[in-house]
Amino acid sequence: MSHAILDFVEQAMSSPWLYLALFALALLDGFFPVVPAETSVITAGVFAATGEPNLALVILVASLGAFTGDHISYLIGSRAGGRLRERKAFVWARDALAVRGGLVLVVARYIPGGRTATTLTMGAVRHPLRSFTFFDAVAAVSWGVYSGLIGFFGGMAFENDPIKGLLLGFGIAVSVTVVVEVVRWIRKRRAINASPAGLPADTSV
């Protein structure tokens, strides 16, 4: 069974349609975060270590897809701003945006659920599109490089065993996410303890 799955994945990785699929998944992930875009890019990166697909193209199409999807999310936020502004995730994103400006978009791309909340909120509060585009380009490219290289190095570490390469790549990605969340939690606790009477203070990233 595992060999059949591996054969299927290897065939998919060698298909010219792979790049279009990666672009589409990254695009959809911009406003529909249950789409496994990062998993797909990491998987492509693992197999890129064997020579196919092309790592540079994987990173390029993933970054372009993420950039496009984030702009669609921004547009959705600008159209539905009034219905979003008081939801918890969007309140966090709005507060973080007020403190960090467009830089929060770069950080939020690595926080589960944070990316979509931030892009929607930036649209809802009418953050300048030029600034959004600049910081989103940085965020999308850094995410594409990060996801592709995690998979690539995992694939290089287990060149003859792609499954182990995938597990290593996913393990690194999960570890990074856990570290980010732990740091955010610690900062939040410190901010609350340092504020008067233990009231919530600024906990933006």
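Computed from a predicted structure; not experimentally measured.

**Describing the overall build of the protein**
Turning to step 1, where the next piece is worked out: Of regular secondary structure, the protein possesses ten helices and zero strands.
Turning to step 2, where the next piece is worked out: Going residue by residue from the N terminus, the α and β elements of the protein occur as α-α-α-α-α-α-α-α-α-α.
Turning to step 3, where the next piece is worked out: Across the 205 residues that make up the protein, the buried fraction comes to 42%.
Turning to step 4, where the next piece is worked out: With the model as given, the accessible surface of the protein reaches about 10900 Å², and the carbon-plus-sulfur share is 69%.

**Looking at the nonpolar core**
Turning to step 1, where the next piece is worked out: Met13, Leu22, Val41, Ala44, Val58 and Trp143 are the most contacted members of the largest nonpolar core, which totals 15 residues.
Turning to step 2, where the next piece is worked out: Of all elements in the fold, only helix H2 (18-29), helix H3 (37-48), helix H4 (55-79) and helix H9 (129-157) reach the threshold of two or more residues within this core.
Turning to step 3, where the next piece is worked out: Counting residues per element, this core draws most heavily on H3, which supplies five residues.
Turning to step 4, where the next piece is worked out: Membership of the second largest hydrophobic core comes to six residues, among which are Leu97, Val104, Leu105 and Phe132.

**Regarding the packing of H4 against H9**
Turning to step 1, where the next piece is worked out: Put simply, H4 and H9 touch, their axes get as near as 8 Å, and they point 145 degrees apart. The element H4 and its partner H9 pack so that their crossing is right-handed.
Turning to step 2, where the next piece is worked out: Per-class residue counts for the contact of H4 with H9 are 15 nonpolar, five polar and two charged.

**Focus on unusual backbone geometry**
Turning to step 1, where the next piece is worked out: We note that arginine 126 has phi near 60 degrees; this positive angle belongs to a residue other than glycine.
Turning to step 2, where the next piece is worked out: Position of arginine 126 among the secondary structure elements: in the loop between helix H8 (114-124) and H9.

**A few points about a nonpolar patch on the surface**
Turning to step 1, where the next piece is worked out: On the surface, Leu28, Phe32 and Val34 cluster together into a nonpolar patch covering about 300 Å² of accessible area.
Turning to step 2, where the next piece is worked out: Along the polypeptide, phenylalanine 32 turns up in the loop between H2 and H3.

**Topic: the environment of phenylalanine 134**
Turning to step 1, where the next piece is worked out: By the secondary structure assignment, phenylalanine 134 is in helix H9.
Turning to step 2, where the next piece is worked out: Placed 31 residues apart in sequence, phenylalanine 134 and leucine 103 show a C-alpha to C-alpha distance of 9.7 Å.

**What about the pattern of salt bridges?**
Turning to step 1, where the next piece is worked out: A complete count under the given rule lists two salt bridges for this structure.
Turning to step 2, where the next piece is worked out: The partner of arginine 115 in a salt bridge is aspartate 29, with the nearest N and O atoms 2.3 Å apart. You can see arginine 115 sitting in helix H8 and its partner aspartate 29 sitting in helix H2, a full 86 residues away along the chain. With respect to burial, arginine 115 and aspartate 29 carry one shared label: buried.
Turning to step 3, where the next piece is worked out: Across the pair arginine 109 and aspartate 70 runs a salt bridge, and its minimum N-O distance is 2.6 Å. Here arginine 109, found in the loop between helix H7 (103-108) and H8, pairs with aspartate 70, found in helix H4; they are 39 residues apart in sequence, far enough to count as distant.
Turning to step 4, where the next piece is worked out: Aspartate 70 gets classed as buried once you look at its relative accessible area, which sits at 0%.

**Concerning H3**
Turning to step 1, where the next piece is worked out: Look at H3: 16 Å from first C-alpha to last across twelve residues, which is about the 16 Å you get at 1.5 Å a residue.
Turning to step 2, where the next piece is worked out: Looking only at H3, the buried set comprises Ala37, Ser40, Val41, Ile42, Thr43, Ala44, Gly45, Val46, Phe47 and Ala48.

**With respect to the packing of aromatic side chains**
Turning to step 1, where the next piece is worked out: Under the criterion given, the structure shown has four aromatic pairs.
Turning to step 2, where the next piece is worked out: An angle of 40 degrees between the planes, with centres 4.6 Å apart, marks the rings of tyrosine 74 and phenylalanine 132 as tilted. Taken together, the positions of tyrosine 74 in helix H4 and phenylalanine 132 in helix H9 put the pair 58 residues apart, joining distant regions of the chain.
Turning to step 3, where the next piece is worked out: The exposure class of phenylalanine 132 is buried, given its relative accessible area of 0%.
Turning to step 4, where the next piece is worked out: A ring pair is formed by phenylalanine 152 and phenylalanine 153, whose centres lie 5.9 Å apart and whose planes are at 65 degrees; its orientation type is edge-to-face.
Turning to step 5, where the next piece is worked out: The lysine or arginine in question, arginine 109, covers the ring of tryptophan 143, its NZ or CZ lying 5.2 Å from the ring centre.

Criteria and thresholds
Residues numbered from 1 in each chain as written. Predicted model: local features only at pLDDT ≥ 70, side-chain atom pairs only at ≥ 80, totals over all residues. Heavy atoms only, no water. Helix = DSSP H or I, 4+ residues; strand = E, 2+ residues; numbered from the N terminus. Buried < 20%, exposed > 50% of the residue type's maximum accessible area, 1.4 Å probe, protein only. Areas by Shrake-Rupley, 256 points an atom, 1.4 Å probe, with all protein chains shown as cover. Core = buried A, V, L, I, M, F, W, Y, C linked by side-chain atoms within 4.5 Å. Axes fitted to C-alpha atoms, helices over the stretch in contact; angles between N-to-C directions. Left-handed = near helix turned anticlockwise from the far one by under 90°. Nonpolar A, V, L, I, M, F, W, Y, C, P; charged D, E, K, R; others polar. Patch = residues over 30% accessible without salt bridge, like charges linked within 9 Å, V, L, I, M, F, W, Y side chains within 5 Å. Salt bridge = Lys/Arg side-chain N within 4 Å of Asp/Glu carboxyl O. Expected span 1.5 Å × (residues − 1). Phe/Tyr/Trp six-rings, centres within 6.5 Å; stacked < 30°, edge-to-face > 60°. Lys NZ or Arg CZ within 6 Å of the ring centre and 35° of its normal.

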